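Here is what each chain is made of, one letter per residue.
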Amino acid sequence: ERSRPKRRVDAEAAIPFHPLLAHDLEQQTRIAEALKPGAETAAAPPGLPNRVVQEKEQNEALSQLQEKTARRTQLLRDKAAAELEQLEKSPPPAQPAPQPQPGQPQPQGPDPEKVKEGLKKDVDLAPKAVVRQEAALLKLKQDDREKAHPEAEEARKILEEIMKAQDRINRTIADET
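Residues numbered from 1 in each chain as written. Predicted model: local features only at pLDDT ≥ 70, side-chain atom pairs only at ≥ 80, totals over all residues. Heavy atoms only, no water.

Caption draft 1: Structural context of helix H4 (residues 112-141). The first and last C-alpha atoms of H4 sit 43 Å apart over 30 residues, in line with the 44 Å expected at 1.5 Å per residue. Positioned one or two residues after H4, Asp143 has a phi angle of 60 degrees, which is positive. (Helix = DSSP H or I, 4+ residues; strand = E, 2+ residues; numbered from the N terminus. Expected span 1.5 Å × (residues − 1).)

Below you can see the structure in the form of C-alpha cells.
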C-alpha cells in the first residue's frame, strides 16, 4: 500500500465538516452511479480496445476513489466526535439579560441540544457508511461490480442521511437566530 504524504492528510483534516460531507456525498454518488447495472464503462484508453481491460481499469480507478472517500468519511466521524466533545465540555453560554424591544422577538442562538443531537447522529452513521464503502472497495478489488454496487449505493444513502440531518439542524439554527 502506498503511503500518503502527511501534508495531504493535514489538508483534509482542515476542511470544515459540511464541505467535506458534501464532497464525500458527491464522490460516493459518482461511484454508485458508475457501478449501477447497465452503466457504461469509461471509454477505452488509446491502444486498449478490450472491454475487459476497460472494466478492470475503471474498477481500479473506482477502487482508488472509494478508498479515498472511505478515508474522508472516517474523518467526518472524527470531526463530529471532536465537535461533540468540545460542545459537551463547554459551559452553556452566559447570556446577559436582553433589553426587550416592544413587538420584536429576541434572537436566542442555536439550541445546543439540537446541535449535539445532529453531531451524535453523524458519529453514529459515519462508521456505517465506512463499513459499506469498505465492502464496496473489497468487491471492486475482486472485480465484482455487481456486488459492489449495492454496498456503494447504501454508503451513498447513509451519507445523504447525514447531509439531510445537518441541513435540518442548520435550518433550525437559522430559524432560531
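Caption draft 2: Focus on the pattern of salt bridges. Throughout the structure, instances matching the rule amount to 10 salt bridges. Between Arg72 and Asp24 there is a salt bridge, with its nearest N and O atoms 2.9 Å apart. Here Asp24 lies in helix H2 (residues 17-35) and Arg72 lies in helix H3 (residues 51-89), a separation of 48 residues in the sequence. As far as the burial class goes, Arg72 and Asp24 line up, both buried. Of the charged contacts, one joins Arg132 and Glu151 as a salt bridge, the two residues approaching to 3.2 Å between their closest N and O atoms. (Salt bridge = Lys/Arg side-chain N within 4 Å of Asp/Glu carboxyl O. Buried < 20%, exposed > 50% of the residue type's maximum accessible area, 1.4 Å probe, protein only.)

Caption draft 3: Focus on the nonpolar core. Among the nonpolar cores identified, the biggest contains 18 residues, and Phe17, Leu21, Leu76, Ala80, Ile158, Leu159 and Ile162 are the most heavily contacted of them. Breaking this core down by element, the ones donating at least two residues are H2, H3, H4 and helix H5 (145-176). Once residues within four sequence positions are removed from consideration, Leu21 is found in contact with Leu76, Leu159, Ile162, Met163 and Gln166. (Core = buried A, V, L, I, M, F, W, Y, C linked by side-chain atoms within 4.5 Å. Contact = heavy atoms within 4.5 Å.)

Caption draft 4: Here's a closer look at unusual backbone geometry. One non-glycine residue, Asp143, adopts positive backbone phi at about 60 degrees. What makes Asp143 partly exposed here is its relative accessible area of 33%.

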